[in-house]
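Coordinate inspection notes
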Amino acid sequence: NKTGVIFDLDGVIVDTAKYHFLAWKHLADTLGFEFTEAHNELLKGVSRVRSLEILLDIGQISLSEARKQDILISKNEEYLSYITKMGADEILPGAENLLDTLDQLGIKYVLGSASKNASLILKQVGLFNRFTGIVDGNSVSKAKPDPEVFLIGAKLLQLAPKNCIVFEDAIAGVEAANKAHMISIGIGDKKTLHQADYNFNDLTEISTDFIKALMNHKKE
Ligand code: G6P
Ligand code: MG
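Residues numbered from 1 in each chain as written. Chains lettered and ligands numbered in written order. Predicted model: local features only at pLDDT ≥ 70, side-chain atom pairs only at ≥ 80, totals over all residues.

**A closer look at the overall build of the protein**
- Secondary structure summary: the protein contains 9 helices and 6 strands in total.
- By the compact-globule yardstick of 17 Å for 220 residues, the protein fits well, its C-alpha radius of gyration being 17 Å.
- Residue burial in the protein is summarised as follows: out of 220 residues, 38% are buried.
- Pairs at least 24 residues apart make up 59% of the contacts formed inside the protein by residues separated by at least 6 positions. (Helix = DSSP H or I, 4+ residues; strand = E, 2+ residues; numbered from the N terminus. Rg over C-alpha atoms; globule rule 2.2 N^0.38 Å. Buried ≥ 20, exposed ≤ 12 C-beta atoms within 10 Å, placed from the backbone. Contact = placed C-beta atoms within 7 Å.)

Listed below in structure tokens is the structure:
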């Protein structure tokens, strides 16, 4: 098959943004400033290190490198305490159905996530073994919107980038897919993700016919 799919994880297959929010908010509380859900939007698709920089900008706080490293470790420990409690009931609507459809059509799929916890999360929800490959925060040197994560994904799929379809919920992720010359599908708010080639509210809206049509229309 000449078409492959690359899935972002957080916000597409599972909703882990709420757990990142709890952990970042706890940190902001400790540092003495307010961190809102709107602030949390800015961290979607962004690497852990960059997330901390954005958060410290919001609080107008500057810290030593050593302190930042300590904070990143404790933030992740708290985040892990939430995700190690996750189960299959936290898979977002439509995700398993879409994987079934792709299996039926013989279309391979890999993960393309900024998270260093991606494999753990997929194992928690029981989807790890379904993916042909995993590209995550441990495999890349440049974070989204750099296309690196998706270009490595295309290699794992043994496909040219133009034959890859990317599902993304973050602006940085859609930008990365476009830079990689892949078909970008924005999942979430259409206004926010207007740079995507196609937009849907969630994965329940992706039909078999839509996937079949994409198999015949390559991005130039
Ligand atoms: C995903 C999320 C981001 C998160 C990043 C790193 O892209 O959307 O909000 O900051 O992964 O996650 P990690 O699990 O490595 O801290
Ligand atoms: Mg995401």
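**Some details on the site of ligand 1**
- In the neighbourhood of ligand 1, 17 residues make up the surrounding shell, with Asp10, Arg48, Ala114, Ser115 and Lys116 lying closest.
- Along the lines of polarity and charge, the residues of the shell around ligand 1 split into 3 nonpolar, 10 polar and 4 charged. (Near = placed C-beta within 6 Å. Nonpolar A, V, L, I, M, F, W, Y, C, P; charged D, E, K, R; others polar.)

**Observations regarding the pairing of strand β1 (residues 4-7)**
- Taking every second residue as pointing to the same face, both faces of β1 are buried, with Gly4 and Ile6 on one and Val5 and Phe7 on the other.
- The pairing of β1 with strand β2 (residues 108-112) spans 4 bridges and is parallel. Note on β2: the bridge partner recorded for glycine 4 is lysine 108.
- Inspection of the sheet shows β1 paired to strand β4 (residues 164-168) by 4 bridges, in the parallel sense. Bridge assignment links valine 5 to a residue of β4, and that residue is isoleucine 165. (Pairing = 2+ DSSP bridges.)

**Points about the sheet that holds strand β6 (residues 198-200)**
- Strand order in the open sheet made by the 6 strands is β3-β2-β1-β4-β5-β6, with parallel pairing throughout. Either end of the sheet is taken by a strand with one partner, and the two such strands are β3 (133-135) and β6. The average undirected angle you get between the axes of adjacent strands in this sheet is 25 degrees. (Axes fitted to C-alpha atoms, helices over the stretch in contact; angles between N-to-C directions.)

**Examining unusual backbone geometry**
- Residue proline 145 is reached from lysine 144 by a cis peptide bond, and omega for that bond is 15 degrees.
- Secondary-structure assignment places proline 145 in the loop between β3 and α7 (148-157).
- Located in the positive-phi region is glutamine 60, a residue other than glycine, with phi close to 50 degrees.
- Looking at where glutamine 60 falls in the secondary structure, it is placed in the loop between α3 (48-58) and α4 (65-83).
- Judged by the 7 C-beta atoms lying within 10 Å of it, glutamine 60 is exposed.
- For glutamine 158, which is not glycine, the phi torsion reads 55 degrees and is therefore positive.
- Along the chain, the position of glutamine 158 falls in the loop between α7 and β4.

**Focus on the nonpolar core**
- With 54 residues, the main nonpolar core has Phe7, Phe150, Cys164 and Val166 as its most contacted residues.
- Element by element, the count of residues in this core is highest for α7, at 6 residues.
- Residues in contact with cysteine 164, not counting those within four places in the same chain, are Gly4, Ile6, Phe150, Gly153, Ala154, Leu157, Leu159 and Met182. (Core = buried A, V, L, I, M, F, W, Y, C linked by C-beta atoms within 7 Å.)

**A few points about the packing of helix α1 (residues 17-31) against α4**
- Viewed as axis vectors pointing N to C, α1 and α4 meet at an angle of 140 degrees, and their least axial separation amounts to 9 Å. What the angle tells us is that α1 and α4 run oblique. The crossing of α1 and α4 is right-handed. In this structure, α1 uses Tyr19, His20, Leu22, Ala23, Trp24, His26 and Leu27 to contact α4, whose residues at the interface are Ile71, Lys75, Glu78, Tyr79, Tyr82 and Ile83.
- Grouping the constituent residues of the contact of α1 with α4 by class yields 9 nonpolar, 2 polar and 2 charged. (Parallel < 35°, antiparallel > 145°, perpendicular 65-115°, else oblique. Left-handed = near helix turned anticlockwise from the far one by under 90°.)

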